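Summary of structural features
Spelled out, the chains give:
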Amino acid sequence: MPKSVKNAAAFFSKYGIYVAFLLLTAILAVISPPFLTPSNIINILRQISVNGIIAVGMTLVIIAGGIDLSVGSIVALSAVVATSLAHPGEHMLVLPLLVGLLVGLGCGAINGLLIAKRKLAPFIVTLGMMTAARGMALVYTSGRPVINLSDSYAQLGGGYLGEVPLPVIIFLAIVLLGIFVLHYTRFGRYVYAVGGNELAAQVSGIDTKRITFSVYAITGALSGLAGMVLSSRVMSASPAIGQGYELDAIAAVVIGGTSLSGGVGTIAGTIAGALIIGVMNNGLDMLNVSSYWQQIVKGLIIVLAVLLDRKSKH
Amino acid sequence: MSSETKPADFVLRMENISKSFPGIVALDSVRLDVAKGEVHVLMGENGAGKSTLMKILSGIYQKDRGAIYLNGKAVEIKSTKEALRLGISMIHQELNPVKAMSVSENIFLGKEPTHGFLGVVNRKKEREMTQALFLDFGISVDPDAVMEDLSVAEMQMVEIARAVSYDSRVIIMDEPTSALADAEVSKLFEIIRRLVAAGIAVIYISHKMDEIFQIADTITVLRDGQFIESRAAKMFDQDTLVKLMVGRSVGELFPEVRSQKGPVTLEVERLTLGGVFHDVSFKARKGEVLGFAGLMGAGRSEIMETIFGLRKADAGTISVNGKAAQIRSPQDAIAHRLAFITDDRQSTGLNMKVSVKDNITLVALKTFTSFTQVLRPEQENRAVDEEIGVLQIKSRHRDQIVNTLSGGNQQKVVLAKWLLSEPEIIILDEPTRGIDIGAKAEVYKIVARLAEQGRTILFISSELQEVMGMCDRIIVIHRGSISGEFERAEFDREKIVNAAMDNGDYSARRN
């Protein structure tokens, strides 16, 4: 194989996802000029904020060698509990938000304990939590959405920092935090070690239980945060929200180049993955393509991304 | 071998075989002549081309140039299926049976004997045919046993039977004894002798000198993808072989360990783990290389795992530098300045998905972290480069992913990882397993240097030559108990082997 082809292949395997993203954006910008306006870009970012926050956590979990199917249900549970404390005349904004985060953290911690200490399979544990948390949300609300929230509750989801919506700020902050932790701290290095070879990490003196517990707890908290942002934006919380969010998060992570078997991956890749899905949805919306077709396209992108990733590795 | 011999005198002749991969010439006009019913040993360092040559022969790769003759007839081996059909089969180093199925099911996988026209598998016939095969070659494994329950040695015997069941005339064995104990190796050799008596040629790849001279009829040496020499085994001696393989004199394989023995650094008293080992007591000193010999499965690794906090003992105490030590986890062990280089670098020693650098800094990572938990990359890189230099790890760059390194270099990465934590007591479990002669010599030099620096080395090995060459003292373990202890002056090959197999009076001292 000529060296130039080999170099191109190596470049593509590392940056392919970003190239694909730029290409996609370019195509859509040409087909539909209103696509590349600042207001639409902000729109896209806002649309992916909620799932993006969750995807950051999912990245950590998958790199650590696990999986978390319960994120969507945790979003619902934390949202209904928090909003139930946010009726007009009730507590300050801070309390519901704090409670929502704690609910998310608590669910994540339970996941983490069962997986790390009891050594149960992540798929099964988080599947159980997914079902149970959803059930708890339904029980808590008797199946009815929580509405009639105090106006101040809208600040989180509807507020702005200058021109930029608060959800986007929060999302970007979480992304930066995630990049910092994963790539610049000892903890992050240990996450890669546990995901790459847990036994070897244990022999090397790493407290693998603590690392495993942490990534699930963090993801639970992030799911709680996502629940806050979401319920604050739509000013209500139905116990049915968040369904399918786990798959969206996993899709973003996988498209972004993280391997489901653990040990490799980046937050930047996940964000690129989330953006590709977000851009695709937004672009197709502008072209008036039905959301059912959008789902088909999303599925195709996932498969294409994995195929390209597999090909680039050989 | 006179040049007048015609291809038909050999069951296999490979002529002028060349094979290249992008950027590397793996084989350059290599030849191999194997006679009928002989054990032909193929030797060479890692990267010499032995595996590539055999993969071409067994149909996994396609040669770029050259010719292959089977019983005088030119053949083209385009796939593994065709190789099998032509009578060539290969038993790989990493065995991959279908674990959930039985022995006879594995042997006849793909060619099950069937009843009638619906193709129902004839289990009874399968079992009988397996029994017949086993009888011919003296294999005593239950045909109905599930593969998963078998030992490595037994799995290997099943693989051999499988090869024979394909009517193979040439059986290639790649490092068959790397996971076998001495007694099992003898059994294997017996089976090989029977194969050979039945007219089957065995091509045997190995790095183990003692075994090679025991079993070989002919030895062919490859180096850097080229054919170097081929002679009858009795016309070779170890030094010549090593020189041919490495291309230079390695000097004495085992360096002289000139270290001052200091006070006792590690004392283990009556360590017991139910069903695995009991009443293990020994002392190890500063500057000493203490060997642990014994059969595989004797419990040596388990003893070390317990000392290192990976297992919890039922009874017994461990003292480090005179003080009682509570070691409940690898972290505790590391805090007491212990290090553990395990016997399987791929599964418990390295993270194969990340770089040399990420592997090397793993144990000592705390020292590269600031108070704010942020890592210091320049410090890391400097320390890693230093270790790479000191241990002479051959990698293109510290960011190279370790799964692309050779076995010997991978082992050095594991060593580097532990050395960065500046341990006082280093446990080495089969440190030269699966690495070639040149790399072995380098590892021995490193161990000698570590001892001279005043560290305590616990050296587990199943290669007797190695234990006797490197250690100041040898403790022999048999079925979980100490069955013998020998000072260097008392080293006696027979006595040590007897102690390992617990054959009556032999030991100089019992604990």
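The rules behind the values
- Residues numbered from 1 in each chain as written.
- Chains lettered and ligands numbered in written order.
- Predicted model: local features only at pLDDT ≥ 70, side-chain atom pairs only at ≥ 80, totals over all residues.
- Helix = DSSP H or I, 4+ residues; strand = E, 2+ residues; numbered from the N terminus.
- Rg over C-alpha atoms; globule rule 2.2 N^0.38 Å.
- Buried ≥ 20, exposed ≤ 12 C-beta atoms within 10 Å, placed from the backbone.
- Contact = placed C-beta atoms within 7 Å.
- Expected span 1.5 Å × (residues − 1).
- Pairing = 2+ DSSP bridges.
- Axes fitted to C-alpha atoms, helices over the stretch in contact; angles between N-to-C directions.
- Right-handed = clockwise from strand over helix to strand, strands pointing away.
- Parallel < 35°, antiparallel > 145°, perpendicular 65-115°, else oblique.
- Nonpolar A, V, L, I, M, F, W, Y, C, P; charged D, E, K, R; others polar.
- Arc of directions from axis to C-beta.
- pLDDT = per-residue confidence, 0-100.

Let's shift gears to the overall build of chain B. Broken down by element type, chain B carries 17 helices and 22 strands. Rg of the C-alpha trace for chain B: 25 Å, near the compact-globule value of 24 Å for 511 residues, within the 12% margin. Principal-axis analysis of the C-alpha atoms places the extent of chain B at approximately 70 × 50 × 50 Å. Residues classed as buried in chain B amount to 47% of the 511 residues present. When contacts within chain B are restricted to residue pairs at least 6 apart in sequence, those whose partners lie at least 24 apart make up 68%.

Let us now look at the overall build of chain A. A tally of helices and strands in chain A yields 13 helices and 2 strands. Against the compact-globule benchmark of 20 Å for 314 residues, chain A has a radius of gyration of 20 Å, which places it among compact chains. Each principal axis of the C-alpha distribution contributes one length, and for chain A these read about 70 × 55 × 35 Å.

This brings us to helix α14 (residues 407–419) of chain B. All names here are of chain B. Taking 1.5 Å per residue as the helical rise, α14 with its 13 residues ought to reach 18 Å, and the 18 Å between its terminal C-alpha atoms agrees with that figure. Among the 13 residues in α14, 12 count as buried, and that is most of the element. Along α14, the residues classified as buried are G408, N409, Q410, Q411, K412, V413, V414, L415, A416, K417, W418 and L419. Along its buried surface, α14 packs onto β18 (338–341), α11 (345–349), α12 (356–360), α13 (377–391), β19 (425–429) and α15 (437–452).

The subject of this paragraph is the sheet that holds β18 of chain B. All names here are of chain B. Spatially, the 6 strands line up as an open sheet ordered β18-β19-β20-β15-β21-β22, and their pairing is mixed. Strands with a single pairing partner mark the edges of an open sheet, and in this sheet they are β18 and β22 (481–487). Here the average twist between neighbouring strands, direction ignored, is 20 degrees. Sheet analysis places β19 next to strand β20 (residues 456–460), joined by 5 bridges and oriented parallel.

Residues and elements named next belong to chain B. Along strand β10 (residues 201–205), 5 of the 5 residues are buried, which leaves the element largely enclosed by surrounding structure. Examined bridge by bridge, strand β3 (residues 39–43) and β10 share 4 bridges and lie parallel to one another. Note on β10: the bridge partner recorded for L42 is I205. Where the polypeptide runs from strand β9 (residues 170–174) across helix α6 (residues 182–197) and back to β10, its parallel neighbour, the crossover connection is right-handed.

Listed per partner, the contact involves 24 residues of chain B and 19 residues of chain A. Among the elements of the structure, α10 (330–335) and α11 of chain B are those that each provide at least two residues to the side of chain B that touches chain A.

Residue and element names in this part refer to chain B. With respect to topology, 4 strands assemble into an open sheet ordered β14-β13-β16-β17, the strand pairing being antiparallel. The sheet is open, and its two borders are formed by β14 (277–285) and β17 (323–324), each paired with just one other strand. Looking at chain direction, strand β16 (residues 315–320) and β17 are connected through 2 bridges and run antiparallel. Pairing of V320 across the sheet is with K323, part of β17. Along the sheet, helix α9 (residues 300–307) contacts β13 (264–273), β14 and β16; its crossing angle with β13, the most-contacted strand, is approximately 115 degrees.

Time to look at the packing of helix α4 (residues 123–137) of chain B against helix α5 (residues 152–165) of chain B. All names here are of chain B. One way to put it is that α4 packs onto α5 with a least axis distance of 10 Å and a crossing angle of 105 degrees. Relative to α5, the element α4 lies roughly perpendicular. Here α4 contributes L133, F134 and F137 to the contact with α5, which in turn contributes A161, V164 and S165.

The next subject is unusual backbone geometry. Residues and elements named next belong to chain B. Positive phi values are uncommon outside glycine, yet N16 reaches one of about 50 degrees. We note that N321 has phi near 55 degrees; this positive angle belongs to a residue other than glycine. Along the polypeptide, N321 turns up in the loop between β16 and β17.

So, on to the packing of helix α8 (residues 186–196) of chain A against helix α10 (residues 208–234) of chain A. All names here are of chain A. Between α8 and α10, the shortest axis-to-axis distance is 10 Å and the interhelical angle comes to 105 degrees. If you check the angle between α8 and α10, you find them roughly perpendicular. Touching Y190, V191 and V194 of α8 are T208, I211, T212 and V215, all from α10. Looking at the contact of α8 with α10 residue by residue, the class counts come to 5 nonpolar, 2 polar and no charged.

All names here are of chain B. With respect to the helices, strands and loops of the structure, A232 is situated in strand β12 (residues 226–232). A232 sits 16 residues away from A216 along the chain, and the two C-alpha atoms are 8.3 Å apart. Leaving out residues up to four positions away in the same chain, A232 has contacts with D217 and T218.

Here the focus is α13 of chain B. Residue and element names in this part refer to chain B. The end-to-end C-alpha distance of α13 is 21 Å, a good match for the 21 Å that 15 residues give at a rise of 1.5 Å each. Turning to α13, its buried residues are E380, V384, E387, I388 and L391. Taken end-on, α13 shows its buried residues confined to a sector of 100 degrees, consistent with a single buried face. Facing away from the buried side of α13 by over 90 degrees, the exposed positions are E378, R382 and G389. Packing partners of the buried residues in α13 comprise α12, α14 and α15.

Turning our attention to the pairing of β19 of chain B. Residue and element names in this part refer to chain B. Burial of β19 is extensive: 5 of the 5 residues sit out of reach of the surface. By the alternation rule, side chains of β19 split into I425, I427 and D429 and I426 and L428, which are all buried. In this structure, β18 lies alongside β19, joined through 4 bridges in parallel fashion. Counted as the bridge partner of L338 is I425 from β19. Assessed by its sense of winding, the connection that carries the chain from β19 through α15 to β20 is right-handed.

Quick look at the confidence of the model for chain B now. Residue and element names in this part refer to chain B. In the predicted model, chain B carries a mean pLDDT of 87, and 95% of its residues have values of at least 70. No element of chain B has a lower mean pLDDT than helix α8 (residues 238–246), which averages 80, and none a higher one than β18, which averages 97. Low confidence marks residues 505–511, where pLDDT is under 50. Its contacts with residues over four positions away, or in another chain, come to 17 contacts. Interface confidence for the predicted complex, given as ipTM, is 0.87, next to a pTM of 0.80.

What follows is about the environment of T220 of chain B. Considering the arrangement of structural elements, one finds T220 of chain B in strand β11 (residues 218–223). Excluding residues within four positions of it along the chain, T220 of chain B makes contact with L32, H40, L42 and S230 of chain B.

The next thing to look at is the environment of I171 of chain B. Residues and elements named next belong to chain B. Structurally, I171 is set in strand β9. I171 sits 31 residues away from V202 along the chain, and the two C-alpha atoms are 4.9 Å apart. Beyond its immediate stretch of four places on either side in the chain, I171 contacts S89, I91, A163, L195, I200 and V202.

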